[in-house]
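The chain contents come next:
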Amino acid sequence: MDSNFLAKVANDEYRLSYSSLKQLLETPRHFYNYFTQPRKESEAMQLGTLVHCLVLEPTQFNKRYFVADKPDQRTKVGKAEWAEILAANDGKIVIPTETFNQAETMAKAVFEHEEAHLFQDVAEFEKPFQFEYRGLQLQGITDGIGERLILDLKTTANAKPKKFRWSFIEYFYHVQAALYCLANPNREYIIFAVDASGYVSVSRVGEQSLALGKMLLDQAIDTYEACKMFDGWMSGYSGISEL
């Protein structure tokens, strides 16, 4: 096992977040790999980050990104041209025009939604927070926060409310909501979900979902403490599942 990981766990050096805690809700080994294995951003994640920037931090877009037509990568000339574009924009994320157009369409759809007025209640975007819970340091970054709400922007495969409910459970978004509401109490948790086709749905996380999220958050921390005590980080899926 990675000795650096074990040392940091022993000294509680990791600030746990939604992203790391949800790994524990899969298996301890997922958590171990999260901190010890290289992470590569998928195309879906890249698109999500781009949409976030366009919606939440539009003034930062030109500082972070450069948009260019991507030459045909099946040819040596095309590969060389793209390499030149990347080199000329070192320090920025170079995105194909096609990807930018898709992200721009998604961002525009969010702003045109009938509930987009909720963005006016946001005092700060991309606000980080840290707090202590059960003796551990937890952290996160709210997409948007105001006096009465926490706003969360999600890119999703399908924004249809019935479909998004599956994503809500599968990706433990209720755990994220519970964590963020613990750190920033007395606020509603509102999710804007937008898909690649430009469909948008808006959901309010109810008390039952927050309670379940809080229970799972505590379950993840219980697992963390048990693995820390008994060195169980290599544990995978347990038991026999019936199909």
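Preceding this paragraph is the structure being described.
1. Section: the packing of aromatic side chains
- Within the structure shown, the criterion is met by 20 aromatic pairs.
- Ring centres of Phe 31 and Phe 35 lie 5.0 Å apart, and the angle between their planes is 65°; this geometry places the pair in the edge-to-face category. Of this pair, Phe 31 and Phe 35 both sit in helix α3 (residues 28-36), 4 residues apart, roughly one helical turn.
- An angle of 25° between the planes, with centres 6.0 Å apart, marks the rings of Phe 164 and Tyr 173 as stacked. Taken as a pair, Phe 164 and Tyr 173 share a single burial class, namely buried.
- An aromatic cluster of at least three residues, connected via ring pairs, comprises Phe 5, Tyr 14, Phe 31, Tyr 32, Tyr 34, Phe 35, Tyr 224 and Trp 233.
- Above the ring of Tyr 34, the side-chain terminus of Arg 39 is found at 3.8 Å from the ring centroid.

2. Here's the deal with unusual backbone geometry
- Residues other than glycine seldom take positive phi values, yet Glu 126 does so here, at roughly 50°.
- Mapping Glu 126 onto the fold places it in strand β3 (residues 124-133).
- One non-glycine residue with positive phi stands out, namely Asn 186, at about 65°.
- The residue Asn 186 is located in the loop between α9 (173-183) and β6 (188-195) in this model.

3. Quick look at the sheet that holds β6
- Pairing in this open sheet of 5 strands is mixed, and the strands run β3-β4-β5-β6-β7 from one edge to the other. The sheet is open, and its two edges are formed by β3 and β7 (200-204), each paired on a single side. Taken over all neighbouring pairs, the strand axes of this sheet differ in orientation by 35° on average, direction set aside.
- Of the pairings in the sheet, the one linking β6 to β7 comprises 5 bridges and is antiparallel in character. For Val 194, the partnering residue across the bridge sits in β7 and is Val 200.
- Across the sheet, α9 lies against β3, β4 (136-145), β5 (149-156) and β6, angled at about 80° from β3, the strand it touches most.

4. Quick notes on the nonpolar core
- The biggest cluster of nonpolar side chains holds 38 residues, and the ones touching the most others in it are Leu 16, Tyr 189, Tyr 224 and Trp 233.
- With 7 residues, the top contributor of residues to this core is helix α10 (residues 207-230).
- When sequence neighbours within four positions are dropped, the list of residues in contact with Tyr 224 reads Val 9, Asp 12, Leu 16, Leu 24, Phe 31, Leu 136 and Trp 233.
- In terms of nonpolar packing, the next biggest core, distinct from the first, is built from 26 residues, Leu 47, Ala 109, Leu 151 and Ile 190 among them.

5. Re the side chain of Thr 27
- Locating Thr 27 in the fold gives a position in the loop between α2 (18-24) and α3.
- Separated by 2.7 Å, the side chains of Thr 27 and His 30 make a polar contact.
- Apart from the residues lying within four places of it in its own chain, the contact partners of Thr 27 are Ser 235, Gly 236 and Tyr 237.

So, how was this worked out
Residues numbered from 1 in each chain as written. Predicted model: local features only at pLDDT ≥ 70, side-chain atom pairs only at ≥ 80, totals over all residues. Heavy atoms only, no water. Phe/Tyr/Trp six-rings, centres within 6.5 Å; stacked < 30°, edge-to-face > 60°. Helix = DSSP H or I, 4+ residues; strand = E, 2+ residues; numbered from the N terminus. Buried < 20%, exposed > 50% of the residue type's maximum accessible area, 1.4 Å probe, protein only. Lys NZ or Arg CZ within 6 Å of the ring centre and 35° of its normal. Pairing = 2+ DSSP bridges. Axes fitted to C-alpha atoms, helices over the stretch in contact; angles between N-to-C directions. Contact = heavy atoms within 4.5 Å. Core = buried A, V, L, I, M, F, W, Y, C linked by side-chain atoms within 4.5 Å. Polar contact = N/O pair within 3.5 Å; in protein donor to acceptor, adjacent residues only side chain to side chain.

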